[in-house]
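Residue strings, one per chain:
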Amino acid sequence: MKKKHIAIFASGSGSNAENISRFFANHPLAEVCLILTNKPDAAVVQRAQNLGIPCRIFNREEFYNSGAVLDDLKRFEVDFIVLAGFLWLIPSNLLVAYPKRIINIHPALLPKYGGKGMYGARVHQSVVENKEKESGITIHFVNEEYDAGDIIFQARCSVEAGDDADCLAQKVHELEYRHFPEVIASVVAKE
Ligand code: GAR
């Protein structure tokens, strides 16, 4: 059977993008065939190059007012889209083309600490400031709102007194590395 094709969108470091790509490098069900970013200077671009995975860079105009990104996805016969630290809202042409096939990871326990402007370090800063006892990760399907689609999976970690945002980010990243690839594989396997 033909392997499913996964495209990853990332705007930053891309450590999850790399972890997912390596997980699927010799996987029987799926492979990462394309990495896309809106940030030409993001570290994910170099990571894609090192992994030997094609990387596409697009701007706001191309993303929201043209079919350029969807054309790329079609050219690479992409079946699933994974958002790994990608910060723009997904336009309707992609939502329509990939129903229940776009998966995002959020670095907190949604519905808390989600929504526009809540990403990366800002999330962890808010969790620490509010003296939460726990945080974690949420993996969910993407819809037309930020961080609001159906939840697929959550995992928790404790927030200890004295933990700062950096320390919490590290705990959350560990959860992401451990769980995100497996959860993607389980979604792909159901198709
Ligand atoms: C991850 O922690 C991810 O959960 C978060 O950005 C980080 C990207 O790290 N995503 C969001 O905040 C989305 N709202 P990475 O570039 O090292 O994979």
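Residues numbered from 1 in each chain as written. Predicted model: local features only at pLDDT ≥ 70, side-chain atom pairs only at ≥ 80, totals over all residues. Heavy atoms only, no water.

With that settled, consider the overall build of the protein chain. Regarding its fold elements, the protein chain presents 7 helices and 7 strands. The order of α-helices and β-strands along the protein chain, N terminus first, is β-α-β-α-β-α-α-β-α-β-α-β-β-α. Since a compact globule built from 191 residues should have a radius of gyration of about 16 Å, the 16 Å found for the protein chain is in line with a globular shape. Once the C-alpha set of the protein chain is aligned to its principal axes, its extents read approximately 50 × 35 × 30 Å. Here the protein chain holds 191 residues, and 49% of them are scored as buried. Pairs at least 24 residues apart make up 67% of the contacts formed inside the protein chain by residues separated by at least 6 positions. Surface accessibility of the protein chain: about 9,500 Å² in total, with carbon and sulfur atoms responsible for 50%. Here the protein chain contributes 21 positively and 24 negatively charged side chains, and the mean placements of these two sets differ by 2 Å. (Helix = DSSP H or I, 4+ residues; strand = E, 2+ residues; numbered from the N terminus. Rg over C-alpha atoms; globule rule 2.2 N^0.38 Å. Buried < 20%, exposed > 50% of the residue type's maximum accessible area, 1.4 Å probe, protein only. Contact = heavy atoms within 4.5 Å. Areas by Shrake-Rupley, 256 points an atom, 1.4 Å probe, with all protein chains shown as cover. Lys, Arg positive; Asp, Glu negative; His and termini not counted. Charge placed at Lys NZ, Arg CZ, Asp CG, Glu CD.)

Our next topic: the sheet that holds strand E1 (residues 4–9). Strand order in the open sheet formed by 7 strands is E3-E2-E1-E4-E5-E6-E7, with mixed pairing between adjacent strands. This sheet does not close on itself; its edge strands, each paired only once, are strand E3 (55–57) and strand E7 (151–158). Across the sheet, the mean angle separating the axes of adjacent strands is 20 degrees when strand polarity is ignored. Sheet topology note: the strand E2 (residues 30–37)/E3 ladder contains 3 bridges and is parallel. Bridging across to E3, Thr37 finds its partner in Ile57. Of the strands in this sheet, E1, E2, E3 and strand E4 (80–83) touch helix H4 (residues 68–75), which is tilted by about 160 degrees from E2. (Pairing = 2+ DSSP bridges. Axes fitted to C-alpha atoms, helices over the stretch in contact; angles between N-to-C directions.)

The next thing to look at is helix H1 (residues 15–23). Turning to H1, its buried residues are Ser15, Asn16, Ala17, Glu18, Ile20 and Ser21. Elements in contact with the buried residues of H1: E1, E2, helix H2 (43–51), E4 and helix H7 (165–189).

What follows concerns the packing of aromatic side chains. In this description, an aromatic ring pair is defined by two values, namely the gap between the centres and the angle between the planes. Summed over the entire model, instances satisfying the criterion amount to 12 aromatic pairs. With 5.3 Å between their ring centres and 70 degrees between their planes, Phe9 and Phe86 make a pair best called edge-to-face. Within this pair, whereas Phe9 is found in strand E1, its partner Phe86 is found in the loop between E4 and helix H5 (92–97), the two being separated by 77 residues in sequence. Owing to a relative accessible area of 6%, Phe86 belongs among the buried residues under this scheme. Every member of this aromatic cluster is reached through a ring pair, and the members are Phe9, Phe58, Phe63, Tyr64, Phe86 and Trp88. The side chain of Arg60 reaches across the aromatic face of Trp88, ending 4.3 Å from its centre. Over the face of the ring belonging to Phe80 we find Arg101, whose NZ or CZ atom lies 5.0 Å from the ring centre. (Phe/Tyr/Trp six-rings, centres within 6.5 Å; stacked < 30°, edge-to-face > 60°. Lys NZ or Arg CZ within 6 Å of the ring centre and 35° of its normal.)

Attention shifts here to the pairing of E2. Counting buried positions along E2 gives 7 out of 8 residues, so the element sits mostly inside the fold. Direction of pairing for E1 relative to E2: parallel, over a ladder of 6 bridges. The residue bridging Lys4 from the neighbouring strand is Ala30, located in E2. In this region the chain leaves E1, passes through H1 and returns to the parallel neighbour E2; the handedness of that crossover is right-handed. Between the parallel pair E2 and E3, the chain is carried across by H2, and the sense of this crossover is right-handed. (Right-handed = clockwise from strand over helix to strand, strands pointing away.)

From the geometry alone we can't say anything about function, so treat these as descriptive.
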